[in-house]
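Okay, here's what each chain looks like letter by letter:
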Amino acid sequence: MQQRAEQIRRPGKTIAFVPTMGYLHEGHLSLMKHGRKVADCLVASIFVNPAQFGPNEDLSVYPRNPERDMSLAENAGVDILFLPTAQDLYPEGFETYIIQENLPDHLCGLSRPGHFRGVMTIVAKLFNIVKPQVAIFGEKDFQQLAVIRKMTKDLNFDIRITGLPTVRESDGLAMSSRNKFLSQNDRKSALVLYECLTKARARVSRGETDAGEIIKTCETAINSKNDTDVDYIRICDPETLNDLQTIDKPAVMAMAVKVGGTRLIDNILLFPPGTEPG
Ligand code: PAF
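In short, a report on the structure. Along each chain, residue indices are assigned from 1 in the same order as the chain's sequence is written. For this predicted model, a pLDDT threshold of at least 70 governs which residues receive local features, and a threshold of 80 or more governs which side-chain atom pairs are given and counted, while totals over whole chains, interfaces and linings are taken from all residues. Values shown for side chains rest on all heavy atoms present in the structure; no hydrogens or waters enter the calculation.

## Some words on the sheet that holds strand β1 (residues 15–20)
Stage number 1. The rule for pairing is simple: two strands pair if DSSP sees at least two bridges between them. In DSSP terms, a helix is any run of H or I states spanning at least four residues, a strand is any run of E spanning at least two, and both are numbered starting from the N terminus. Pairing in this open sheet of 5 strands is parallel, and the strands run β3-β2-β1-β4-β5 from one edge to the other. Each having just a single partner strand, β3 (80–82) and β5 (160–164) make up the two edges of the open sheet. Neighbour to neighbour, the strand axes of the sheet diverge by 25° on average, direction disregarded.
Stage number 2. Of the strand pairs in this sheet, β1 and strand β2 (residues 41–46) are connected by 6 bridges, and their pairing is parallel. Note that in β2 the partner of alanine 16 across the bridge is leucine 42.
Stage number 3. Contact criterion: two residues are considered in contact whenever any of their non-hydrogen atoms come within 4.5 Å of each other. An axis is simply a line fitted to the C-alpha atoms; with a helix, the fit covers only the stretch in contact. Between two such axes, the angle follows the N-to-C directions and lies from 0 to 180 degrees. Lying on the sheet, helix α7 (residues 142–154) is in contact with β4 (134–138) and β5; it crosses β5 at an angle near 170°.

Listed below in structure tokens is the structure:
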């Protein structure tokens, strides 16, 4: 892959890169379609990265369907699909990991210790292997995107990081490979995440500034649904991820909720009156 990347770059061509863990859905495909437009060559990777899963997480059952992924990626315009093995990326004796101060100590980082260390390490490795000028990630993983932007800046990777909006099912559920685990009843309960987020956004746009009040309403709504277990609901500064008590500037509201045992995450930007972009 490194040699291919060199060959592509030598005459001045550009590479866009979409790293994934496979089981592709419309969210991934939207990243690929964008990548297709912004560079000469589009590379995607599929690698279920053991280093970002905790000991009690879903690594062994993480959904996989490489055959289907290959045809979806091809149809989305991927030129090179990179499919490394764990042996390729973490050979015996592998001992170097990337850590970051602050951003990982919020939101998902608190309930998934070591998760962002695993994400940063694999993303940095893939950047060095694929050598892209542009790398594209989904905003559904809001904290991941923030951590990767910071890593890219702090470690001087010469790569533009693009974040693209969450793609949703027609009823609002954020697309995720893990949605496959939801039973019919879970699927109904799962709608409460986006319902809460859109209601919160509307309240803030009408002038509500009390973050605690909004979080309390959401918690009550989520707890009223079958088989839900709130991990966190936070309203924070989109750059630092520090909690905001008073929403007097644009903020991000992020949540993680277990629905029937499947951990789902979602987020939305909140704009107090007069702060909307554009
Ligand atoms: O978002 C994901 O699918 C993964 O965290 C990533 C960025 C591919 C790293 O394994």
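Here the narrative resumes.
## Here we look at the packing of helix α8 (residues 184–205) against helix α9 (residues 211–223)
Between two packed helices, what matters for the description is the angle formed by their axes and the separation of those axes.
Stage number 1. For the pair α8 and α9, interaxial distance at closest approach is 10 Å and the crossing angle is 155°. Taken together, α8 and α9 sit at an angle that is classed as roughly antiparallel. Handedness of the α8/α9 crossing: right-handed. Residues Val192, Cys196, Ala200, Arg203 and Val204 of α8 touch α9, and the partners they reach there are Glu213, Ile214, Thr217, Cys218, Ala221 and Ile222.
Stage number 2. When grouped by side-chain class, the residues that make up the contact of α8 with α9 number 8 nonpolar, 1 polar and 2 charged. Orientation is classified from the angle alone, with under 35 degrees giving roughly parallel, over 145 giving roughly antiparallel, 65 to 115 giving roughly perpendicular, and any other angle giving oblique. Left-handed describes a crossing in which the near helix is turned anticlockwise from the far one by less than a right angle; the clockwise case is right-handed. Any residue outside Ala, Val, Leu, Ile, Met, Phe, Trp, Tyr, Cys, Pro, Asp, Glu, Lys and Arg is labelled polar, Gly included; the first ten of those are nonpolar and the last four are charged.

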